Every structure is written in structure tokens, then in C-alpha cells.
Amino acid sequence: MKTSRQHTVLIVSSAPAEVVEGSILGTGGWLPPEEREALDWLTLVKFMGWKARLVRSDNLTPSVLASPELRYLIIAGEPDELSGSCIDLLLEKVREEHILIIARAGRAEGRFAQSLGISRKTSVLSGEKVHWIGPGSPRTWHSRGGMVSLPELHLSGQADIWTTMGTGALIAGKRLGKGRIALISFHPSEARDRVGIFTTLLKHLLIWGTDIPVAWLDWSNTLVLRMDDPGSAQTVYHETYNNNKLGEAEWAMVGAVLEQYNARLSIGYVPGWVDDGDAERGVLLINGQTTEREAGKIHPSSKVCYLTTRRGAPMVYDYEAEFRGIQRLQKAGSIDVELHGFTHIHPDKKQWLEADDKYTSAAWYREFGQRAADFLKNQSDREHPLYAGLGVFSDIFQTFPAALICPGEAFTNDVLEKALHAGLNMVSSYYQCIRIGLKFCWAQHVCAPYLDKAEPAWFEPELPVIGYFHDFDLGIHGADWLAGNLAAWHKTGAETFISLTEMAGRLNWNLYLEQTGDGLYLAIEKQKEIGLVRPVMVGLRIPGEDLPKYISVADTGGDHPLHIHDGSNGHRLINVPDINNIEKQSILTIPQ
């Protein structure tokens, strides 16, 4: 039995070196499709649960293609930009191995199109429905976004049409020797931007376009819940706020709502509370005792209680009660805590304290953004608020966060690189930055709408959706606000409600389904030791064969039977349990 797996997907890009070879791929903001095609493929493959490697086309050599576990070659960019020798190398590989090449179709006069007899027309197709008529069962997707117009394929040689829209072809497949090649008429990133069904189509192509066994992570109808700002002193200082902290009773009500939906919530916690030193504005208690005020001093948020008057009314900001409520839900398994900066306040505390607008300008409550970059570049690692925040966070919660949520979603690449080197697995903003090997990669098609923006279209791509909100939403509207919005998401299709830690735990897996003379084996390779808190749904597809009703999980404790559920569209699903006690190279055995 093999106990190691090499890269299973190779993504070939002609993009500049800095786009392909840096430690941070993407910017966290909007990038046009032509600047992120390879990155979009890389992150999509990772969400499938597969290993991937990104390589520049001018570095493509026979040795790079030599891995016996290589399953897919994806050409990102215009194939006509590839050299003739590169095209020959790729076509030779697909003829010799059971792999699938996926690429955009080239121009009719180009070397790529002439080699394959498939080209991209200048005419376009328009429609609202996309039909899969390729390998496996037929499937149709309907665009909620209305009419879509895309280029059409022209077939001048022997090939099979796999996907149609209107009267023409969008994807065609062709067998070459032992392998296959699939050519698409459209720019994949651009089509995915227009309508979410094209993400589902490309996933379907990855699963059904190959003639080898495939296993993948199933993210259908998954909502990730994220609440920002518990622990933050901004609630006390910034004049915008007029809400109190959630007390233990309120947190218990949050827990009851989560339990109703079998949901798990991520709390973006701010572990450091900054004293402004102004005794006339309020009274500061640490561990229940009044303390001498010291401007700029940072206290653990979990020990703070602050008494003041707000708009003529007495206010008690009880961070200790907040912490006890969070801790109780954490122990109950209802929440996971993540790092939301160190203090949520500009790292130059002296500058903040001296500013006339420190209580009125939101700009002072951005800790990692460009405005703070000049100050942070002169800080040692020990002084840097990211590392300081991780230290206090670990002391408070006795755990290490999976994700960084930057205050105000403001950050620089320097902060991201520090988070990467510190061992964090993702950065959650409007888009999600996920760890892939030694890189942080921005997944622009995994978005974080506000929790009160439930829409069915968010689930079209069959990727996770992050529903985020703030503790002040509940401070103002109560736990009923959370319950109402979870009900709205459930109505639009949400079936699974998970945390960022759970999402990171799933992305930690590399899946590899293999068929040998002894049977079928699903290898689960873990990149890091991240535990799971509940089972993970994994899809299975074996070309031309029926799956048995059960599989067994083989670990040091023996075999554990798992039921194989009927899925849609010809594949099956299994619920893989917590495998914390299974060896790093875990094997799930599917008896023949």
C-alpha cells in the first residue's frame, strides 16, 4: 500500500513570476479575470480536497511531469501563448498517462487548435441553461443571473461535445492515447464571475472528465458563520457605538440558536484591551478591582470591566462576563475562537492617544492596514501586534487560532506573510485567503456577504459561503436577529452551518482515491495536525462501476464501517468521522 502521495494536479501558467511564485498570491481585493486565472484554478482545486502545484510554462520539463500520481494538467491562460515544444510535451504526456488536460480552446490558426481539431469561434452563444451531455448522467444548470453570452467551440476533428448552451458547444472532450483532453470555449474566471453555475460546471468537469476514480470535498449548501469584535475596546471608545457587551445570559441565548441549527460559530476575538488613561471618561476594573490608569497600557480583554456614562445613561462594559459566556460555548462545542487582531486600534498607541479625533474617526481602529504599515515595519517580531496578539490569545483560550480576521479587513502583504509564517491557515476577509502548501492564496469565489444578505445565488457555485456579522448586531437586536437570519439562510438552501476552524480542518485534507488489485482505497493526507469536530462529507465517483453500500475506515483501532449515501448525478457520498487518532496517511478501505 502506498503511504505517500505526490501532486495530483499541475496548473501551468504563462503569467509573470511574481504572480506564480510569490508567497502571497492575489491581493485580497478584486482582481480582473485575466490576472487570476491560474490562482482561481489553484484555489478551486484546493476546495476539491486535492493537491496542486502551480508552475510557469517556461519551467515545464519532463521531470516536472514525471510524478506517477499526476491526474490533471490545467493550462491557465491562452494556449496559443505556449511554445510548440511545450505543447508537444503536454500532448505526449496525455497520450502516455491516464490524465486529463483542461485548457481553453485556441484560435483556429494556432498550433494548439490545429493539433487537436478544436478551436474557439468568434461567434457567441447565448442562453440561460447549460447542459452537461458528457461522461456520466446528463445534468442541466439554470442561470439565476439571466441570459449569458459566451464564445462557441468549432470542431473540425474527432471529438465529443460535453457541454452545450443554446445550439452550440461550450466544452468538448477528446481521447488522446491513454488520456483525455477537455477544451472550453470561455475564460473560466470570467464566466464564474458572471454566474455561479460555471464554478459548478468546472467542478463537474474535474470529476467526470477523467476516467479514473475521484473523491472530493462536498461543500454544497455550506454556510460558515463568523462574528467579529468580542473583546474589542472600540465599542467603548468610538462614538459610533451605543450598545453594551453581551453578557452570559445573552451568550447562552446565542448558544441555544446555534444548537437549533446544529451550527458552529467562529468568534473573531480581540485579546488586548487598550487603556486611554482618561479617568474622567470612565472607571477601569481589572479582575474586578479598580486599577491605576495608564494611558496606552494593554490588558487582557478577558479581565476588563469598564464603567462609564454614554449619552447620559450609565453603561457597564463587562468583558469578563463576555469571556465567561464565550468560554462556556467554547467548551460546549458551539463556537471556535479566531484572532481578530491584537487591540483593534492603530499600533502606534502614542499617536492614537494624542489624536484629536481618536474617539470619532474609524481610521484609528485599523491595526494592520496601510496607514499602520510605516510604524509596523520598524517593529521587531516580539513587538509586532500580530505575534503579541497570538501570545495573549493563546494564554486566554489555551488554543491556537486557525484564522486571522484583520480589524476593518485592512491588511498588507507583510502582515499576511507574518500570519503565514506563524502557522495560521487562513485569513478571512470579504474574500478568503487559504493556505496551500507554503503559500497564502486568495480565493476570490469564496465570499463573505453580511449575515442579513441571504440569497439562493450564493450557493450556486457549491462552495462555502461565509456569513459574517458583529457582536453589536446582537447587542442592538438580540439573539432573535441571529435566529431570524439563520432561518433566512436555511430557507435559501443552507443545510450545514460550520465555523472557520472547521473550514480550515477540511482544507487541511488531501484526498486520493486509488484502485488496486486489492480494492479501492481513499487516502486522506493531512497537511497539518488540525482536528475535526464533526464528520465531513466526501463525494465518491468510480467510472463504470457501482459502489458497495459500506466502506470501512482502517486505523490503529480497527475497522469502522461507514455507510455510502446516494448522492445526485451518479456519484455517492460518505460521512467521514473525526480522524484525529488515525495516522497522518489515513486509509479508508472500500471493499469490493
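Residues numbered from 1 in each chain as written. Predicted model: local features only at pLDDT ≥ 70, side-chain atom pairs only at ≥ 80, totals over all residues. Heavy atoms only, no water.

## Section: the overall build of the chain
Okay, step 1: A tally of regular secondary structure across the chain gives 16 helices and 35 strands.
Okay, step 2: A total of 592 residues make up the chain; the buried ones form 60% of that total.
Okay, step 3: For the chain, the proportion of contacts with a sequence separation of at least 24, taken over those separated by at least 6, is 71%.
Okay, step 4: By element, 48% of the accessible surface of the chain is carried by carbon and sulfur atoms, the whole surface being about 23,000 Å². (Helix = DSSP H or I, 4+ residues; strand = E, 2+ residues; numbered from the N terminus. Buried < 20%, exposed > 50% of the residue type's maximum accessible area, 1.4 Å probe, protein only. Contact = heavy atoms within 4.5 Å. Areas by Shrake-Rupley, 256 points an atom, 1.4 Å probe, with all protein chains shown as cover.)

## Regarding helix 15 (residues 479–492)
Okay, step 1: Between its first and last C-alpha, helix 15 extends 20 Å over 14 residues, near the 20 Å set by a 1.5 Å rise per residue.
Okay, step 2: When helix 15 is considered as a whole, its buried residues turn out to be Ala479, Trp481, Leu482, Ala483, Asn485, Leu486, Trp489 and Thr492. (Expected span 1.5 Å × (residues − 1).)

## Thoughts on the sheet that holds strand 21 (residues 313–318)
Okay, step 1: The strand order across the open sheet formed by four strands is 18-17-20-21, and the pairing between neighbours is antiparallel. On the outer flanks of this sheet lie strand 18 (289–290) and strand 21, each paired with one strand and no other.
Okay, step 2: Across two bridges, strand 17 (residues 282–286) lies against strand 18 in antiparallel orientation. Paired with isoleucine 286 across the two strands is glutamine 289, which belongs to strand 18. (Pairing = 2+ DSSP bridges.)

## Topic: the pairing of strand 17
Okay, step 1: In terms of burial, strand 17 is largely enclosed, as four of its five residues are buried.
Okay, step 2: Judged from the five bridges that link them, strand 17 and strand 20 (residues 304–310) form a sheet pairing that is antiparallel. Bridge pairing links leucine 285 to cysteine 305 in strand 20.

## Topic: the packing of helix 12 (residues 385–397) against helix 13 (residues 413–422)
Okay, step 1: Where helix 12 meets helix 13, the axes come as close as 10 Å, and the angle between the chain directions of the two elements is 40 degrees. As the angle between them shows, helix 12 and helix 13 are arranged oblique. Every residue of helix 13 that contacts helix 12 at Leu386, Tyr387 and Leu390 is listed here: Val415, Lys418, Ala419 and Ala422.
Okay, step 2: Of the residues contributing to the contact of helix 12 with helix 13, the split by class is six nonpolar, no polar and one charged. (Axes fitted to C-alpha atoms, helices over the stretch in contact; angles between N-to-C directions. Parallel < 35°, antiparallel > 145°, perpendicular 65-115°, else oblique. Nonpolar A, V, L, I, M, F, W, Y, C, P; charged D, E, K, R; others polar.)

## Quick look at unusual backbone geometry
Phi is mostly negative for residues that are not glycine, and the peptide bonds are mostly trans.
Okay, step 1: Phi angles above zero are rare outside glycine, and asparagine 262 is one such case at about 50 degrees.
Okay, step 2: Within the fold, asparagine 262 resides in the loop between helix 8 (248–260) and strand 15 (265–269).
Okay, step 3: We note that histidine 344 has phi near 65 degrees; this positive angle belongs to a residue other than glycine.
Okay, step 4: Summarising the element assignment, histidine 344 is placed in the loop between strand 22 (335–339) and helix 10 (349–354).
Okay, step 5: We classify histidine 344 as buried; its relative accessible area is 2%.

## Let's talk about the sheet that holds strand 12 (residues 179–184)
Okay, step 1: Pairing in this open sheet of nine strands is mixed, and the strands run 3-1-4-5-12-11-10-7-8 from one edge to the other. The sheet terminates laterally at strand 3 (52–56) and strand 8 (139–142), the two strands that pair on one side only. Going across the sheet, the axis of each strand differs from the next one's by a mean of 20 degrees, ignoring polarity.

## Looking at the packing of helix 8 against helix 15
Any two packed helices are characterised by how steeply their axes cross, that is the angle between the axes, and by the distance between the axes.
Okay, step 1: In contact at an axis separation of 9 Å, helix 8 and helix 15 are set at 15 degrees when each is read in the N-to-C sense. Between helix 8 and helix 15, the angle is such that the two are roughly parallel. Taken as a pair, helix 8 and helix 15 cross one another with a handedness that is right-handed. Contacts between helix 8 and helix 15 involve Met253, Val254 and Val257 from the former and Ala479, Leu482, Ala483 and Leu486 from the latter. (Left-handed = near helix turned anticlockwise from the far one by under 90°.)

## What to know about the pairing of strand 5 (residues 100–104)
Along any regular strand the residues' side chains alternate between the sheet's two faces.
Okay, step 1: Burial within strand 5 is extensive, with five of its five residues counted as buried.
Okay, step 2: Here strand 5 shows no split at all, with Leu100, Ile102 and Arg104 on one side and Ile101 and Ala103 on the other all buried.
Okay, step 3: Pairing between strand 4 (residues 72–76) and strand 5: four bridges, direction parallel. For isoleucine 74, the partnering residue across the bridge sits in strand 5 and is isoleucine 102.

## Some points on the pattern of salt bridges
Okay, step 1: Counting across every chain of the model gives 29 salt bridges.
Okay, step 2: Between glutamate 37 and arginine 104 there is a salt bridge, with its nearest N and O atoms 2.6 Å apart. A residue pair is termed long-range when its members are at least 10 positions apart, and glutamate 37 in helix 2 (residues 37–48) and arginine 104 in strand 5 qualify at 67 residues. The two residues glutamate 37 and arginine 104 agree in class, both being buried.
Okay, step 3: Two residues, glutamate 409 and arginine 226, come together in a salt bridge whose shortest N-O distance is 3.1 Å. Here glutamate 409, found in the loop between strand 23 (403–404) and helix 13, pairs with arginine 226, found in strand 14 (residues 222–228); they are 183 residues apart in sequence, far enough to count as distant. (Salt bridge = Lys/Arg side-chain N within 4 Å of Asp/Glu carboxyl O.)

## Describing the side chain of histidine 346
Okay, step 1: In this fold, histidine 346 is placed in the loop between strand 22 and helix 10.
Okay, step 2: A polar contact of 3.0 Å, which involves the side chain of histidine 346, links it to the backbone nitrogen of aspartate 348. (Polar contact = N/O pair within 3.5 Å; in protein donor to acceptor, adjacent residues only side chain to side chain.)

## Side note on the packing of aromatic side chains
Okay, step 1: Using the criterion set out here, one finds 20 aromatic pairs in the structure.
Okay, step 2: A centroid spacing of 6.4 Å and a plane angle of 70 degrees characterise the contact between tyrosine 237 and tyrosine 306, whose relative ring orientation is edge-to-face. On the criterion of sequence distance, the pair formed by tyrosine 237 in helix 7 (residues 234–237) and tyrosine 306 in strand 20 is long-range, its members being 69 residues apart. Assigned by exposure class, tyrosine 237 and tyrosine 306 land together as buried.
Okay, step 3: Both rings, one in tyrosine 430 and one in tyrosine 431, keep their centres 5.0 Å apart while their planes meet at 70 degrees; by these two values the pair is edge-to-face.
Okay, step 4: Judged by its relative accessible area of 32%, tyrosine 430 is partly exposed. (Phe/Tyr/Trp six-rings, centres within 6.5 Å; stacked < 30°, edge-to-face > 60°.)

## A word on the nonpolar core
Okay, step 1: Formed by 137 residues in total, the largest nonpolar core has its most connected members in Phe186, Phe198, Leu404, Met503 and Val538.
Okay, step 2: In this structure, phenylalanine 198 is in contact with Val130, Val148, Leu150, Leu170, Phe186, Ala191 and Arg192, ignoring residues within four places of it in sequence.
Okay, step 3: In terms of nonpolar packing, the next biggest core, distinct from the first, is built from 29 residues, Ala105, Phe112, Ile118 and Leu153 among them. (Core = buried A, V, L, I, M, F, W, Y, C linked by side-chain atoms within 4.5 Å.)

## Concerning the confidence of the model for the chain
Detailed reading of the predicted model is not advised wherever pLDDT is low.
Okay, step 1: In the predicted model, the chain carries a mean pLDDT of 90, and the fraction of residues at 70 or more is 90%.
Okay, step 2: Counting contacts from residues 553–559, a segment whose pLDDT is below 50, to residues more than four positions away or on other chains yields 16 contacts.
Okay, step 3: Contacts from residues 579–592, a stretch scored under 50 in pLDDT, to residues over four places away or in other chains number 60 contacts. (pLDDT = per-residue confidence, 0-100.)

## What about helix 9 (residues 319–332)?
Owing to its 3.6 residues per turn, the α-helix brings residues three or four apart onto one side.
Okay, step 1: Compared with an ideal rise of 1.5 Å per residue, which puts 14 residues at 20 Å, helix 9 spans 20 Å between its outermost C-alpha atoms and is within 8% of the ideal.
Okay, step 2: Of the residues making up helix 9, those classed as buried are Tyr319, Glu320, Ala321, Glu322, Phe323, Gly325, Ile326 and Leu329.
Okay, step 3: Once helix 9 finishes, glycine 333 follows within two positions and takes phi at roughly 80 degrees, a positive value.

## Points about the state of the cysteines
Okay, step 1: By the definition in use, this model includes zero disulfides.
Okay, step 2: This cysteine, cysteine 441, is not joined by any disulfide, and cysteine 433 carries the nearest cysteine sulfur, 6.9 Å off.
Okay, step 3: Cysteine 441 gets classed as buried once you look at its relative accessible area, which sits at 0%. (Disulfide = S-S within 2.5 Å.)

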